[in-house]
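Residues per chain are reported as follows:
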Amino acid sequence: MAMSYKLPTTNHKLLKIGIVCYPSIGGSGIVATNLGNELARLGHQVHFISYDQPFLLNLKAPNVHFHKVNINTYGLFKYPDYTLPLAVTIEQVQKKYQLDVIHVHYAVPHATAALLARRIMRQNNIPLPKIVTTLHGTDITLLAHDKNLLEIIKYSIERSHCVTAVSQSLKDETLQVLKTDKPINVIYNFYTPLPPTKSRTSIRKGLRIRDDDFLAIHLSNLRPVKRIPDLLKIATLLKTRKNFKLLILAGEPFAQYLPLMKKLRLKNVIVKENVKDIKNYLNAADAGIYTSETESFGMGMLETMSYGKPVLATKTGGIPEVMRDGQDGFLLKLGDVKGFAKKLELLLDNPAAAKTLGQNALKRSREHFSAEVIVKQYLKYYTETCKKTVGLGD
Ligand code: GMT
């Protein structure tokens, strides 16, 4: 498995780029951090701005800088505010480094803070950067349905110089929900699989499962949108298949689902929280399973595909843009737990078919969602599309 790629030669001038993202585990944090890491590898100066150091960030790498946003909790304010200290930190970084582009991940509060920072910069005669906003989903699929937030989301998107969405499905939904004609470019997410550091056998030993057990894996933050009860129902339907095991790698505490696990008397489900070496578990698994109500992209699916494993997922949001039904795995109707169980049985009974689907998935992940393919698109976007964008009126 080729895990890294040759540095592409680039004709672009070297840029100074700010990246504003959430630092914690989550698809958007992974994409933003890896994008910054890749840009730094290409020689661009990359300045991360966040309330904590993103967990995938290697500060010892050349061209990588991190600026922490300090949040004060004055007794005067009932609720600590992040937007204002973030805006001031962005302005201070700009004053010192004069960035060409500030690429924010999420419209609120990140684009809002960057736009406010830009107004302060103008006031203080500081050279102005372009603001690029990437939409990851929740801004639109959840927050924009809140009357208190809709207008600020719309403003932050419309006033950004350039906007990208991680799938066509998210772009369409954004245009429809915000009733805007703001140009939005689709740039898909990417993922670079890291080589495993432990063998399949040793990981399986640690999980107390056999080498010939069929291990389905699910990784997510367990938010309600992931429909964890559906996963548990699928595992219930497969109780009679003694060699079926489901591994849930939980980004957030699993405790809320323990009563259901107990009620369903599940013995074939293993849960691990806060796993850092996800690569070893993906490598040791046989397939991925994702029951989400919606996903603007579905990073967990891409991560699974990047390790050469087939994926079973709901046909919703941007997922069908990432994987193809019958080629990289199977797409199923939301809530069709019986359908999921049937397809898993099909894979259990046909290891050769599972292998072929997994190989297709790997090929697709490399051809469409690799750093090599996607980082170039962002660079082109920063240097060509955004360069031309004028008329923000701020
Ligand atoms: O909602 C989440 O699962 C977290 C969120 C995030 O910030 O990572 O995920 C959203 O962005 C990811 C990265 O672009 C996408 O892969 C996820 O599909 C998207 N989540 C939803 O749309 C629910």
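Here, the structure is the one placed above.
Residues numbered from 1 in each chain as written. Predicted model: local features only at pLDDT ≥ 70, side-chain atom pairs only at ≥ 80, totals over all residues. Heavy atoms only, no water.

Trainee: Whenever I open this one, the layout of surface pockets confuses me. Can you help?
Mentor: As a volume, the largest pocket reaches approximately 1,200 Å³. Lining the largest pocket we find 47 residues, and of these Gly-26, Gly-27, Asn-221, Arg-223 and Lys-226 sit closest to its centre. Elements that contribute at least two residues to the lining of the largest pocket include exactly helix 1 (27-41), helix 4 (138-141), strand 8 (214-220), strand 9 (244-250) and helix 11 (299-306). Class assignment of the residues belonging to the lining of the largest pocket gives a composition of 19 nonpolar, 20 polar and eight charged. Each of domain 1 (16-190 + 371-387) and domain 2 (200-368) contributes no fewer than three residues to the lining of the largest pocket. (1 Å grid on protein atoms, 1.4 Å probe; cavity = no way out; pocket = protein on both sides within 12 Å on 5 of 7 lines; lining within 4 Å. Points joined across faces, edges and corners; volume = space filled by probe spheres on them. Helix = DSSP H or I, 4+ residues; strand = E, 2+ residues; numbered from the N terminus. Nonpolar A, V, L, I, M, F, W, Y, C, P; charged D, E, K, R; others polar. Domains from an automatic or database assignment.)

Trainee: Even after reading the chapter, I still don't get the sheet that holds strand 8, so can you show me in this structure?
Mentor: In a beta sheet, neighbouring strands are held together by backbone hydrogen bonds and run either parallel or antiparallel to one another. What the six strands build is an open sheet, ordered 10-9-8-11-12-13; its pairing is parallel. With partners counted over all chains shown, the strands left at the sheet margins are strand 10 (269-273) and strand 13 (329-332), one partner each. Across the sheet, the mean angle from the axis of one strand to that of its neighbour is 20 degrees, orientation sign disregarded. (Pairing = 2+ DSSP bridges. Axes fitted to C-alpha atoms, helices over the stretch in contact; angles between N-to-C directions.)

Trainee: How do you make sense of the site of the ligand when you look at a structure like this?
Mentor: In the vicinity of the ligand there are 16 residues, among which Ser-28, Tyr-106, His-136, Arg-223 and Glu-295 approach most closely. Backbone polar atom of Gly-27 to an oxygen atom of the ligand: 2.8 Å apart, as the coordinates give it. Between the ligand and the protein, one listed contact pairs an oxygen atom with a side-chain N or O atom of Arg-223 at 2.4 Å. Protein chains shield 93% of the accessible area of the ligand, which is 470 Å² for the free molecule. In this structure the site holding the ligand corresponds to the largest pocket. Residues of the shell around the ligand, tallied by class, amount to four nonpolar, nine polar and three charged. Of the residues that make up the shell around the ligand, three or more belong to each of domain 1 (16-190 + 371-387) and domain 2 (200-368). (Near = heavy atom within 4 Å. Polar contact = N/O pair within 3.5 Å; in protein donor to acceptor, adjacent residues only side chain to side chain. Areas by Shrake-Rupley, 256 points an atom, 1.4 Å probe, with all protein chains shown as cover. Sits in = over half its atoms within 2 Å of the grid points.)

Trainee: I tried to follow the side chain of His-44 on my own but got confused; where do I start?
Mentor: Along the polypeptide, His-44 turns up in the loop between helix 1 and strand 2 (45-50). Non-local contacts of His-44, meaning those with residues more than four positions away in its chain, are made with Lys-13, Leu-14, Leu-15, Ile-17, Leu-39, Asn-63 and Leu-379. (Contact = heavy atoms within 4.5 Å.)

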